[in-house]
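# Structural characterization, general
Residue strings, one per chain:
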Amino acid sequence: MGIPHLTRHLLPYAESVLLDGRTTDSESPRVQAVVIDGPSLVYHVYRRLLGWMDPSSDVLDYQPTCDEISRGVSSFLLQLTRLGVKIHKICFDGALPVSKREIRFSRIEKLRHRLELARRNLSLPATPKCRDVMPTERGQIWCSRSLPRRRKGLPENPFMVSAVFEDLRNRWNKEQIQKEVDEDISCLVTDADYPWAKITVMVPGEADVECAHVAKLTGCAVLTDDSDLLLHDLGEQGAVLFLDSVQTSSGVWDPAEPDIRGLRICPHSLSGRLGIPSVQWFAYELQRNTHLRFAELARISKESSKATELSSEYLEFLQEYQHETTDNEVIRGAKQSKNPLDPRVSELFWQYELPSIYCLDEQPHIYLGILNEDSSRRCAWEQGRTYRSLGYSFFNMSRPAADRFTVVHEFVRRGGRIVAEEITLSGTKTVASDLDLLRRRLATAHTTFDNGLAAEGFWFLFALSDIYRDGSGTTTIPSAKELESFLTKGYMAQSTKWADIHLLAQIQAALYSLRILKQLFDIAAPGDELVESSSLLTDLPPLHILMSRQRMTQSFANTRLVRHAVRQLIETYG
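As the structure is a computational prediction, the values presented were derived from the model and not from experiment.

## Some thoughts on the overall build of the protein
Helix and strand counts for the protein come out as 23 helices and 12 strands. In terms of overall size, the protein behaves like a compact globule, its C-alpha atoms giving a radius of gyration of 25 Å where 574 residues would be expected to give roughly 25 Å. Its C-alpha atoms give the protein principal-axis dimensions of about 75 × 60 × 50 Å. Counting only residues that meet the buried cut, the protein has 57% of its 574 residues in that class. Taking the contacts inside the protein whose residues are at least 6 apart along the sequence as the reference set, 75% of them involve residues at least 24 apart. Of the charged side chains in the protein, 68 are positive and 75 negative, and the gap between their average positions amounts to 5 Å.

Structural data, given as C-alpha cells:
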C-alpha cells in the first residue's frame, strides 16, 4: 500500500517513455505492453475526472459518478488498444492479508476524518446547479488538472472499484463501447464481444502480487500508482509506469495525433545505478529513516547490503514482496468461485476458503468503507444490516460445520470513530424466518410500486420503503411533496442539505447490502429452491445505476408515475 516518500525519492531517476506498441520510427523509449493495477486505474481516472468537474455544481454532482468513472476507464483502455499497447491483465484485489489490516483501518479512519471535516466546513450551494453526464471524448483522462480545495472535501466514492470491475466483466461489450464511449472501435479486433472481460481478473489475493508476476514473465510495465510495485521482483525487463505521470506531452488532447507519455522506472536497472543489489534495500532504509536525504539513504543502503548476514528485520521487511512463498503457492492453487464477486464478498469468501492466510484465529472481517453521509447522524450502514446478516448467515451455513464461524466483524463508522460491529451469525430457523420476511417485503413492494416503473425505479423505492417501514421513532417519513422533490431532483427542499445527502447514503447502503446478499446466495446455494434467489433479486441493477443520484432522478422523470409511487409509499409505509 505504499512506502511514504519512496516515489518522491526515486522519480528523478525515471525515464520518459512513449505509450505506443505500433511499429514506428521513433527513437524514444516505448512501452508496448502493460499489466494494469485495477484499483489504481480506477482512482486515477476518478482524480482526473474530478479535476474537470464544474465547481459550481451541486455538492453531490461535483464528484464523478460510478458510471462516469467506468466510462473513463473504458475510454482509457480503448485508447491504449488504439495505440497498439498490449494489455496482458487488469488485476483487482480479491483479498488482503491479515498483515494489511492495520493499514486499512488507518486509511478508513482518515476517510472518516475527511467526512467529519466536510460536515463541519463544506458549504452547500443555496441554488443547486445540475450538470449533464460528462462526455468521454474530450480526453480529460489524458490531461491532468490541479484540484481546488473544495473538491478534496468528501471521501472518494466507496463503490467505484466494485462498479468498474463489474462493468469490465459484464457491461462493456463492443456495442455498448461504441454507443456510450467512442464510436471508433476498429482497434478492437478481438473475436470476443466483451474485449476486456477475460483479462479482468479478481485475484485470490493482492493485485500487486499478480501484476508483478505478469511483469516478470513478460517483461512488460505495471501501470500503477502504488510504489510498492517497485519492491517486487519484476525481472530484468519489468518496470513500473506511474499512472499519475501518464498524459499528453502538450497537455492538450488531440485525438488525431495522441502523444501519450509517462515516467517509467525499471527496478533492476535502477538498483545497478545506485550500486545496491535491489531497490528493496533503499526502501528498507527509507522506512527506518524517513528524515534522511536521498544521498545519505543511498550510502546507508550500499553499506547495509554488503553485510555477510541479513538482519531479521530486513528479512521480515522482504516477506511482503516475495512471490515464491508457501502462502502464495496455496493462493494460486486454490479453487476460486465460478461467479465474479464484488471485492468485499470475494474477501469474505477467501477468509472461509483459506482461513490460515486471511483469517488466522480471528472471525471474518468486512470493511464497508466510508459513505458520503451526515457524520453527525447514525451511520447509514445501519440500513441494510438485516440483509447483510442474512447473507453472512446463509453463506456460513453452507460451509462444513468445522469451517463455520460464530460472528462477522463489520468495520463501520460509529459516531466519531471506526469500530468493528459484531454481527452474530444465525442458525437454520432464523435464516428461514428472515428469508420468508424478505419474500413478503418484496411481494408487498411489487404490489405497491409495479406500475410502469423501470427496474431501478422499483429498487430505489424499495430502499426508501425500508428506511421508513416502521414510521416511528426518529425516522419520520417526509411529506409527499418532499419525497417527490427528492426522487425527481435529489433534494427535498430548495437545495441539497445534509438530510438529503444522508438519505441518499441510506438508500445506497440498503441497495449495496442487497447486492451482497444476492452474491452470497449465488455462491452458497446456486439454484436452491429454498432461496429462490433467481426470482428474489435477479433484476437488481448493476452498481453504476444503483449508486447514482442522477439515475434515480432520471427514473422518476414521469410526474404522474412519481406522484402515484409516493402516494402508495406513504399509504403503505407511513
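Next comes the rest of the description.
## Structural notes on empty space enclosed by the protein
Tallied over the full model, the rule gives six cavities of 30 Å³ or more. Roughly 270 Å³ of volume is contained in the largest cavity. Secondary structure elements with two or more residues in the lining of the largest cavity: α19 (498-524) and α22 (549-555). With three residues, α19 is the largest single contributor of residues to the lining of the largest cavity. Looking at the lining of the largest cavity residue by residue, the class counts come to nine nonpolar, seven polar and two charged. Of the pockets and cavities examined, the second largest cavity occupies roughly 60 Å³. As for the second largest cavity, its lining consists of Leu49, Glu68, Gly72, Ser75, Met134, Pro135, Thr136, Gly139, Gln140 and Ile141. If one sorts the elements of the lining of the second largest cavity by residue count, helix α3 (residues 66-82) sits on top with three residues. Its residues placed into classes, the lining of the second largest cavity shows four nonpolar, five polar and one charged.

## Regarding helix α10 (residues 294-305)
Helix length check: α10, at 12 residues, gives a terminal C-alpha distance of 16 Å against a target of 16 Å (1.5 Å per residue), a fit within 8%. Taken together, the buried positions of α10 are Phe294, Leu297, Ala298, Ile300, Ser301 and Ser305. Here the buried residues of α10 occupy an arc of 165° about the axis, which is enough to place them on one side. Against the buried residues of α10 lie α1 (6-10), α8 (267-274) and α9 (279-288).

## Regarding unusual backbone geometry
Within the chain, His5 stands out as a residue other than glycine whose phi angle is a positive 75°. Structurally, the position occupied by His5 is in the segment before α1.

## Things to note about the sheet that holds strand β11 (residues 407-414)
Either a parallel or an antiparallel arrangement is found when strands of a sheet pair, and the pairing is made through backbone hydrogen bonds. In space, the three strands of this open sheet follow the order β10-β11-β12, with mixed pairing throughout. Bordering the open sheet on either side are β10 (365-367) and β12 (417-424), each of which pairs with just one other strand. The mean inter-strand angle of the sheet, taken between neighbouring strand axes irrespective of direction, is 30°. Where β10 meets β11, three bridges bridge the pair, whose relative direction is parallel. Counted as the bridge partner of Tyr367 is Phe411 from β11.

## Some remarks on the packing of helix α13 (residues 343-353) against α19
It is at 10 Å that the axes of α13 and α19 come closest, and there the two elements cross at 40°. By the angle class used here, α13 and α19 are oblique. The way α13 lies across α19 gives a crossing that is right-handed. Here Arg344, Val345, Leu348 and Phe349 of α13 come into contact with α19, specifically with Tyr512, Ile516, Gln519, Leu520 and Ile523.

## A closer look at the pattern of salt bridges
In total, this model carries 42 salt bridges according to the counting rule given. For Arg71, the salt bridge goes to Glu180, with nearest N and O atoms at 3.1 Å. Linking Arg71 in helix α3 with Glu180 in helix α6 (residues 174-180), this pair joins segments that are 109 residues apart in sequence. In this structure, Arg71 and Glu180 share a single accessibility class: buried. For Lys100, the salt bridge is made with Glu206, and the minimal N-O distance between the two is 2.5 Å. On the criterion of sequence distance, the pair formed by Lys100 in the loop between β4 (86-93) and α4 (101-121) and Glu206 in the loop between β5 (200-203) and α7 (207-218) is long-range, its members being 106 residues apart. Assigned by exposure class, Lys100 and Glu206 land together as buried. Linked by salt bridges that have partners in common, Asp67, Arg71, Asp167, Arg171 and Glu180 make up one network.

## Digging into the packing of aromatic side chains
Within this structure, the stated rule accounts for 24 aromatic pairs. Arranged with centres 6.4 Å apart and planes meeting at 25°, the rings of Tyr314 and Phe317 form a pair that is stacked. Placement of the pair is Tyr314 and Phe317 together in helix α11 (residues 312-319), with a separation of three residues, close to one helical turn. This pair shows no difference in class: Tyr314 is buried, exactly as Phe317 is. Pairwise contacts between aromatic rings join Trp281, Tyr284, Tyr314, Phe317 and Tyr321 into one cluster. For Arg104, the ring lying beneath its charged end belongs to Tyr367, and the centroid distance is 4.1 Å. Positioned over the ring face of Trp52 is Arg145, at 3.7 Å from the centre of the ring.

## Brief notes about the side chain of Lys100
Since its relative accessible area comes to 1%, Lys100 is described here as buried. A distance of 2.5 Å separates the side chain of Lys100 from the side chain of Glu206, its partner in a polar contact.

Analysis parameters
- Residues numbered from 1 in each chain as written.
- Predicted model: local features only at pLDDT ≥ 70, side-chain atom pairs only at ≥ 80, totals over all residues.
- Heavy atoms only, no water.
- Helix = DSSP H or I, 4+ residues; strand = E, 2+ residues; numbered from the N terminus.
- Rg over C-alpha atoms; globule rule 2.2 N^0.38 Å.
- Buried < 20%, exposed > 50% of the residue type's maximum accessible area, 1.4 Å probe, protein only.
- Contact = heavy atoms within 4.5 Å.
- Lys, Arg positive; Asp, Glu negative; His and termini not counted.
- Charge placed at Lys NZ, Arg CZ, Asp CG, Glu CD.
- 1 Å grid on protein atoms, 1.4 Å probe; cavity = no way out; pocket = protein on both sides within 12 Å on 5 of 7 lines; lining within 4 Å.
- Points joined across faces, edges and corners; volume = space filled by probe spheres on them.
- Nonpolar A, V, L, I, M, F, W, Y, C, P; charged D, E, K, R; others polar.
- Expected span 1.5 Å × (residues − 1).
- Arc of directions from axis to C-beta.
- Pairing = 2+ DSSP bridges.
- Axes fitted to C-alpha atoms, helices over the stretch in contact; angles between N-to-C directions.
- Parallel < 35°, antiparallel > 145°, perpendicular 65-115°, else oblique.
- Left-handed = near helix turned anticlockwise from the far one by under 90°.
- Salt bridge = Lys/Arg side-chain N within 4 Å of Asp/Glu carboxyl O.
- Phe/Tyr/Trp six-rings, centres within 6.5 Å; stacked < 30°, edge-to-face > 60°.
- Lys NZ or Arg CZ within 6 Å of the ring centre and 35° of its normal.
- Polar contact = N/O pair within 3.5 Å; in protein donor to acceptor, adjacent residues only side chain to side chain.

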